[in-house]
Number of protein chains: 2
Amino acid sequence: MRSNYDDSDSKNSETTAARPNRAPHVSPETAERILGAAVKEFAEHGFTKTTIRGIASAAEVSPGLVIHHFGSKEGLRTACDDHVFDAIATAKAANAEYASRAMQMMFDDPSMAMNINYLMKSLLDPSEHGQRYFEHYLNLVEDYIAHGFAGYEFRQSEDPRGQAATIATLALAPTMLEHRLQESLGTNGLAETMTRLAPHLLDLYLNGVLEAVPDGADTGPVSYAARPDRADTDSEPTDSLGGDQS
Amino acid sequence: MRSNYDDSDSKNSETTAARPNRAPHVSPETAERILGAAVKEFAEHGFTKTTIRGIASAAEVSPGLVIHHFGSKEGLRTACDDHVFDAIATAKAANAEYASRAMQMMFDDPSMAMNINYLMKSLLDPSEHGQRYFEHYLNLVEDYIAHGFAGYEFRQSEDPRGQAATIATLALAPTMLEHRLQESLGTNGLAETMTRLAPHLLDLYLNGVLEAVPDGADTGPVSYAARPDRADTDSEPTDSLGGDQS
DNA sequence: TCGCTGGTTGAACACGTGTTTAATATTAAA
DNA sequence: TTTAATATTAAACACGTGTTCAACCAGCGA
């Protein structure tokens with residue numbers, strides 16, 4: 001009846017008789033296996049689509065045991081939150097070199113890529129789970145803006161929080177759209193996709209991309225074709241979200 | 001047995017007897033009301049969490065009627081795809097002015113904001129539904145890069161497709177993270193959030209944000225605090241995803 | 001008027017879900 | 001060895017889901 005990950009009423013053993021505070025038969029391996037399988041499933045299929053039976057099957061365990069260890073699906077997810085946080089924190093502390101190196105390493109390590117994927121799923125889920133991570137990341141970026149990052153300095157702004165939010169949001173974007181980018185660019189895996197985007201990102205961050213056209217020499221108009229019909233995806237550019245020009 | 005949105009075996013009436021090709025009692029309003037409710041529900045709660053009963057209730061209709069009109073939940077979603085595509089395309093064609101104006105209008109109009117939200121949900125869903133839209137948007141951005149956009153020109157790259165993918169991805173990011181940004185910045189609605197980010201985005205696109213530190217004058221180190229504990233979200237910046245500096 | 005066709009509904013079906021429960025196996029302590 | 005607590009499981013429960021079905025209602029043509 002009392003799950004291992006039930007954080008409510010922890011450490012109050014007055015109601016029952018005085019029992020030894022140490023478990024006589026601990027087997028943390030199984031719980032860890034379940035946790036690992038859960039992170040993997042959550043990262044792959046998202047939270048609502050992932051089932052406890054699927055996790056149990058992946059961990060070669062009965063569904064009942066899963067909720068025995070973690071209380072509920074929500075409790076399991078919370079445990080996964082902490083696990084992923086810790087995994088990334090320790091992995092980062094392990095190789096505290098230049099940012100690009102550490103980042104590359106994280107994208108190359110499949111287990112780390114999975115953790116990152118988990119965070120993205122959490123970030124995009126309408127639940128409150130991801131907010132904690134977003135705030136954390138935002139604070140980090142704000143600190144980078146203030147004190148520099150990997151040998152670069154940031155141009156300062158009158159609205160540092162807004163600037164940090166902007167940069168943090170853009171920094172997360174490629175990982176969020178990994179699947180879409182992969183299919184569009186033909187890349188394989190997050191590492192390769194990031195390698196493809198990296199020069200453009202660096203160039204953008206260093207020099208920008210836009211420059212105002214000298215004068216009234218207006219650019220050509222954009223055709224207003226109809227929306228692309230299903231099954232002919234590689235048509236010529238037409239209109240879409242984002243506005244137009246005259 | 002034959003749904004209105006069943007695109008399989010359409011227009012073959014040889015099997016049954018010759019029946020009049022016109023429905024005797026057409027009431028397309030109801031189907032449209034269902035479609036509208038579906039887009040709204042999908043955009044708000046995502047696809048897996050949205051239920052047919054919820055849509056039916058929002059449209060003040062029975063669940064059976066929903067699938068009578070659209071065949072299945074998947075058919076309904078496909079119908080929503082087309083509906084949102086058309087709505088955005090026509091809305092954009094209606095005010096073919098400068099991009100910023102059109103964009104602002106789309107964010108201000110609640111119905112359009114809902115459509116955009118639907119597209120984001122579709123884009124982030126692991127299903128294939130969003131890919132069509134992403135390719136479409138990518139083509140559009142590639143065209144903008146080639147021919148300019150709203151009085152601006154793009155610096156050209158050796159890898160236009162990669163550059164377009166990068167810019168398209170970044171452009172979509174603020175909308176994807178709208179909820180997170182809203183809670184972090186205290187803004188209200190997509191329009192206000194975008195207004196807050198706009199100057200930083202423009203500045204980034206025009207001038208970049210980074211500049212290399214002159215020489216070996218290295219920037220200060222970043223503390224390696226533990227992960228933030230639950231329930232104290234506004235802590236000082238610590239470490240997180242994204243790498244570090246020495 | 002009758003009869004047909006499609007819109008519409010309420011109830012039911014089949015199934016997958018998270019969770020509970022009772023029972024068994026296992027292991028550390030007494 | 002006995003005992004007690006935990007690990008683990010199989011089965012069942014309660015419920016929400018997408019979907020089906022039989023019936024009824026409304027309008028239109030003959």
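No experiment lies behind these values; they were computed from the predicted model shown.

K.L.:
Got a minute to help me understand the overall build of chain A in this structure?
P.N.:
Secondary structure summary: chain A contains 10 helices and 2 strands in total. Each helix and strand of chain A, placed in order from N terminus to C terminus, yields the pattern α-α-α-α-α-α-α-β-α-α-α-β. Of all 246 residues assigned to chain A, the portion counted as buried reaches 48%. Counting contacts in chain A only where the partners sit at least 6 residues apart, residues at least 24 apart contribute 58% of the total. On chain A, roughly 12,300 Å² of surface is accessible, and the fraction owed to carbon and sulfur atoms is 54%.

K.L.:
What's the story with helix α10 (residues 189–207) of chain B in this structure? I'm lost.
P.N.:
Helical geometry note: an α-helix holds 3.6 residues per turn, so side chains three or four residues apart project in the same direction. All names here are of chain B. The end-to-end C-alpha separation of α10 is 28 Å, in line with the 27 Å expected for 19 residues at 1.5 Å each. Along α10, the sharpest change in direction is near 40° and occurs at L197; proline P199 comes one to four residues later. Buried within α10 we find L190, A191, T193, M194, L197, H200, L201, L204 and Y205.

K.L.:
What exactly am I supposed to notice about the confidence of the model for chain A here?
P.N.:
For any part of a model where pLDDT is low, the fine detail of the predicted coordinates should not be relied upon. All names here are of chain A. Confidence in the prediction for chain A averages 80 pLDDT; 73% of positions are at 70 or higher. Counting contacts from residues 5–26, a segment whose pLDDT is below 50, to residues more than four positions away or on other chains yields 8 contacts. Confidence over residues 218–228 falls short of pLDDT 50; this stretch has 33 contacts with residues more than four positions distant or in other chains.

K.L.:
What is the right way to read the packing of helix α6 (residues 110–124) of chain A against helix α8 (residues 160–176) of chain A from this model?
P.N.:
Two numbers describe a pair of packed helices, the interaxial angle and the distance between the axes. Residue and element names in this part refer to chain A. Viewed as axis vectors pointing N to C, α6 and α8 meet at an angle of 110°, and their least axial separation amounts to 10 Å. Classified by the angle between their axes, α6 and α8 sit roughly perpendicular to one another. Considering the relative orientation of α6 and α8, their crossing is left-handed. Between α6, through I116, M120, L123 and L124, and α8, the contact on the second element is made entirely by L172, T175 and M176.

K.L.:
So what exactly am I meant to see when it comes to the packing of helix α6 (residues 110–124) of chain B against helix α7 (residues 129–147) of chain B here?
P.N.:
Residue and element names in this part refer to chain B. It is the contact of α6 with α7, at a shortest axis distance of 7 Å, that shows an interaxial angle of 110°. Judged on the interaxial angle alone, α7 and α6 are roughly perpendicular. Contact with α6, carried on its side by L119, S122 and L123, involves H129, G130, Y133 and F134 of α7 and no other residues of that element. Looking at the contact of α6 with α7 residue by residue, the class counts come to 4 nonpolar, 3 polar and no charged.

K.L.:
Where do I start with the environment of A31 of chain B in this structure?
P.N.:
Residue and element names in this part refer to chain B. Mapping A31 onto the fold places it in helix α1 (residues 28–45). A C-alpha to C-alpha distance of 9.2 Å links A31 and A59, two positions 28 residues apart in sequence. Residues in contact with A31, not counting those within four places in the same chain, are H69 and F70.

K.L.:
Honestly, the layout of surface pockets in this entry has me stumped. Any pointers?
P.N.:
Any space left empty among the atoms is revealed by the rolling of a water-sized probe across them. Residues and elements named next belong to chain A. Roughly 1,100 Å³ of internal volume is contained in the largest pocket. With 8 residues, α6 is the single largest residue contributor to the lining of the largest pocket. Its residues placed into classes, the lining of the largest pocket shows 24 nonpolar, 13 polar and 13 charged.

K.L.:
Teacher, can you tell me more about the pattern of salt bridges here?
P.N.:
Opposite charge on two side chains permits pairing when their charged atoms draw close. Enumeration according to the criterion identifies 14 salt bridges over all chains in this entry. A salt bridge links D82 of chain A to R132 of chain A; the nearest nitrogen and oxygen atoms lie 3.4 Å apart. A residue pair is termed long-range when its members are at least 10 positions apart, and D82 of chain A in helix α4 (residues 73–94) and R132 of chain A in helix α7 (residues 129–147) qualify at 50 residues. Each member of the pair, D82 of chain A as well as R132 of chain A, is classed as buried. The residue R155 of chain A makes a salt bridge to D203 of chain B at a minimum N-O spacing of 3.2 Å. Pair noted here: R155 of chain A is in the loop between β1 (152–154) and α8 and D203 of chain B is in helix α10, and the two residues belong to different chains. For D203 of chain B, a relative accessible area of 27% translates into the label partly exposed. One salt-bridge network, held together by shared partners, links K49 of chain A together with R77 and D125 of chain B.

K.L.:
So what exactly am I meant to see when it comes to the packing of aromatic side chains here?
P.N.:
Any two aromatic rings considered together are summarised by their centre-to-centre distance and by the angle between their planes. Residue and element names in this part refer to chain B. Counted by the stated rule, this structure contains 12 aromatic pairs over all chains. Geometrically, the ring pair formed by F42 and F47 is tilted, given 5.1 Å between the ring centres and 45° between the ring planes. When sorted by exposure, F42 lands in the same class as F47, which is buried. Where Y133 meets Y137, the ring centres are 6.1 Å apart and the plane angle is 20°; that geometry is what we call stacked. Of this pair, Y133 and Y137 both sit in helix α7, 4 residues apart, which is roughly one turn of that helix.

How each quantity is defined
- Residues numbered from 1 in each chain as written.
- Chains lettered and ligands numbered in written order.
- Predicted model: local features only at pLDDT ≥ 70, side-chain atom pairs only at ≥ 80, totals over all residues.
- Heavy atoms only, no water.
- Helix = DSSP H or I, 4+ residues; strand = E, 2+ residues; numbered from the N terminus.
- Buried < 20%, exposed > 50% of the residue type's maximum accessible area, 1.4 Å probe, protein only.
- Contact = heavy atoms within 4.5 Å.
- Areas by Shrake-Rupley, 256 points an atom, 1.4 Å probe, with all protein chains shown as cover.
- Expected span 1.5 Å × (residues − 1).
- Bend = angle between axes of the 7 residues up to and from the residue.
- pLDDT = per-residue confidence, 0-100.
- Axes fitted to C-alpha atoms, helices over the stretch in contact; angles between N-to-C directions.
- Parallel < 35°, antiparallel > 145°, perpendicular 65-115°, else oblique.
- Left-handed = near helix turned anticlockwise from the far one by under 90°.
- Nonpolar A, V, L, I, M, F, W, Y, C, P; charged D, E, K, R; others polar.
- 1 Å grid on protein atoms, 1.4 Å probe; cavity = no way out; pocket = protein on both sides within 12 Å on 5 of 7 lines; lining within 4 Å.
- Points joined across faces, edges and corners; volume = space filled by probe spheres on them.
- Salt bridge = Lys/Arg side-chain N within 4 Å of Asp/Glu carboxyl O.
- Phe/Tyr/Trp six-rings, centres within 6.5 Å; stacked < 30°, edge-to-face > 60°.

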